[in-house]
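# Architecture and fold: a report
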There are 2 protein chains.
Amino acid sequence: MGEFDLIDSCFAGKGGKPRAFTLLGIGDDASIHQPAAGMELVVSTDASLAGVHWPMDLPVAIAAGRAVCSALSDLAAMGAEPLSCWLNVMAEDTDAVEQMGLGATAALLRHDVELVGGDTTRSPCNALAVTVAGQLPAGSAMRRDAALADDDVWLCGRVGFHASGLQQWLTGEKDGCFVVEFTHIEPLLRQGVMLREQGVRCCMDISDGLLQDAEHLARASGVGMDIELSLLPDWSQLVAELGEAKALQNAAHGGEDYALLFTAPAGKTLDQACRIGRCRSQPGVALRLHGDLITVEKSGYDHFK
Amino acid sequence: MGEFDLIDSCFAGKGGKPRAFTLLGIGDDASIHQPAAGMELVVSTDASLAGVHWPMDLPVAIAAGRAVCSALSDLAAMGAEPLSCWLNVMAEDTDAVEQMGLGATAALLRHDVELVGGDTTRSPCNALAVTVAGQLPAGSAMRRDAALADDDVWLCGRVGFHASGLQQWLTGEKDGCFVVEFTHIEPLLRQGVMLREQGVRCCMDISDGLLQDAEHLARASGVGMDIELSLLPDWSQLVAELGEAKALQNAAHGGEDYALLFTAPAGKTLDQACRIGRCRSQPGVALRLHGDLITVEKSGYDHFK
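Our subject in this report is the structure included herewith. For clarity, every value in this text was computed on a predicted model and none was experimentally measured. (Residues numbered from 1 in each chain as written. Chains lettered and ligands numbered in written order. Predicted model: local features only at pLDDT ≥ 70, side-chain atom pairs only at ≥ 80, totals over all residues. Heavy atoms only, no water.)

On to the relation of the copies chain B and chain A, then. With an RMSD of 0.0 Å, the operation that places chain B on chain A is a rotation of 180° combined with a shift of 0.0 Å along the axis. Such values leave the two copies arranged in the relation of a two-fold axis. When C-alpha distances to the rotation axis are compared across chain B, the minimum falls at A129 of chain B, with a value of 3.3 Å. Take the interface residues of chain B: 100% of them recur as interface residues in chain A, which is what a same-surface contact looks like. (Least-squares fit on C-alpha atoms with pLDDT ≥ 70 in both. Contact = heavy atoms within 4.5 Å.)

All names here are of chain A. With phi around 55°, Q272 is a residue other than glycine that occupies positive phi space. Residue position: Q272 is located in the loop between β10 (260-264) and β11 (274-280). Taking relative accessible area as the criterion, Q272 reaches 45% and is therefore assigned partly exposed. Of note, the phi angle at H290 is positive, near 50°, even though the residue is not glycine. Residue placement: H290 occurs in the loop between β12 (284-289) and β13 (292-294). (Helix = DSSP H or I, 4+ residues; strand = E, 2+ residues; numbered from the N terminus. Buried < 20%, exposed > 50% of the residue type's maximum accessible area, 1.4 Å probe, protein only.)

Moving on: the packing of aromatic side chains. A complete count under the given rule lists six aromatic pairs over all chains for this structure. Considering the side-chain rings of W154 of chain B and F262 of chain B, the 6.0 Å spacing of their centres and the 15° angle between planes classify their relative orientation as stacked. Taken together, the residues span a long stretch of sequence, with W154 of chain B in strand β7 (residues 152-156) and F262 of chain B in strand β10 (residues 260-264) at a distance of 108 residues. F262 of chain B carries the same exposure label as W154 of chain B, and that label is buried. When the ring centre of F161 of chain A is taken as reference, the NZ or CZ atom of R158 of chain A above it lies at 3.8 Å. (Phe/Tyr/Trp six-rings, centres within 6.5 Å; stacked < 30°, edge-to-face > 60°. Lys NZ or Arg CZ within 6 Å of the ring centre and 35° of its normal.)

Let us look at helix α3 (residues 94-110) of chain A. Residues and elements named next belong to chain A. Its 17 residues give α3 an end-to-end C-alpha distance of 24 Å, which sits within 8% of 24 Å, the value for a rise of 1.5 Å per residue. All of the buried residues in α3 are A96, V97, M100, G101, G103, A104, T105, A107 and L108. Here α3 starts with a cap whose side-chain oxygen sits 3.3 Å from the backbone nitrogen of D95, and that cap is D93. Note on α3: the residue one or two positions beyond its end, D112, has a positive phi of about 55°. (Expected span 1.5 Å × (residues − 1). Polar contact = N/O pair within 3.5 Å; in protein donor to acceptor, adjacent residues only side chain to side chain.)

Moving on, we get to the sheet that holds strand β4 (residues 81-91) of chain A. Pairing within the open sheet is mixed, and its six strands lie in the order β5(A)-β4(A)-β6(A)-β3(A)-β2(B)-β1(B). At either margin of the open sheet sits one strand with a lone partner, and together these are β5 (114-122) of chain A together with β1 (22-24) of chain B. Here the average twist between neighbouring strands, direction ignored, is 20°. Bridge analysis of β4 of chain A against strand β6 (residues 127-137) of chain A gives nine bridges, and the strand direction is antiparallel. If you follow L87 of chain A over to β6 of chain A, its bridge partner there is V130 of chain A. Against the sheet, helix α2 (residues 60-78) of chain A contacts β3 (39-49), β4 and β6 of chain A together with β1 and β2 (31-33) of chain B, and its axis sits at roughly 25° relative to β6 of chain A. (Pairing = 2+ DSSP bridges. Axes fitted to C-alpha atoms, helices over the stretch in contact; angles between N-to-C directions.)

See below:
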């Protein structure tokens, strides 16, 4: 099978259903689109590489599904309805093309995102770059610079579980209780849209660890934060399984949680999310455990350290 | 310098000027956009890898500029005005990040394309995935499936020169007469817009070699083609430098020419392009030299052979 037939068989017509947004999809030099009237377009892109973003012994189909979901999580963070995906597949061999095709298109189908373009190239290491587009009503996007000093801090989804699963995988405990949190991440797309519709204005997804991303959000908004870690969703489960020290480390710095960190005016009640703290005018992010200020050694992943 | 500072210093605020299309650029989970009324959005993405898309001894800044221009060429082929770029930078080390940043943002600046998003990750090999968006009036895109059986076949730009430059580079002739054609490709953006405005409906850019891409266009349109190679722009220069056999090989199969292959109703006159043949109802693409049918052995690049 030649390059073009291979690409056709792995990608053409796979993924979610055609959308009115897309006037011309796969097959030409570029895809053509027209957002609906009154809607804004939201676009994000992420690269994922074997040995960097996933362990070499993770099946590449699973890795490709994770890569797609990780990109979609950025749309969830803005509160956008996902529409389209463009996929750069960089593959060591034809088997890797097929496996990445299977994993990526299954994730797109699950979230009903149409595959509208991309390319497939030979590569010394398996990798994907995933670009996704979604839409939302003009002016309604949740941004990370919109927190106010009196806002409460909320979390939708859990932190620490992905890192705990990755650690189990890396230590050979491939059927560990957390492993599925690492192998099958799910972007909180429905929840993101719901939060936006409920009037939430400030949100981001947690990919670099709760503390580091909270600092990003706080700095972008010109506020500070107090976060009480015992209020984290399923905190007691994390402590019961890992002990307090490891639970703190994974919750604060684990990364790739794809939970939604957001703020809302004090007193607001929200379903499917936990209030975990409070913004303040003084900059910086303070972590507390049962009220006491604590320090959790920072080890957020830096690609170039 | 940490990851985030490095990315800031290499990319933030570089590239072309801000556009009304982009409401929120680099710095959040995603960028936000709104196409102008009556316009359609055109999107393309391309991955480029060291050792696959460029020789390992090509300076990575030059390679990054080529990667950006290659993606922009897809917008030229549709007749779109370029607006925005999202950049996945996959880099072996911080020096490669800086060099790719320099090369990519210089190309974006040259074509006035705003850098609105992307990511930077450590990678076992230097690579970029480049996603670009442009706009054009609704319904006016030049597509590869719109050729008619009576159309003339035209070429804007030259074929064979890029391959000749690459061959000189690979054989150590780094100051060879064609090398600049390989190191500095230019997407024919202005020409693409002009052709669209002149009513051209069918166009593609040549990346896989003239013959292979002519076959793609002919098949997509359900037509065939006769192409007279002696009518190619600067054909005599190619023959004088390389001899006829090599000139034929590079012109028909060289690849990465980023010339625009298009069709137009017979009798139309067009500036800045050469008429090189004629469509016909019978499928297939026939190459001729001074009227005689010829066969040029096919060696178009297949990523998985």
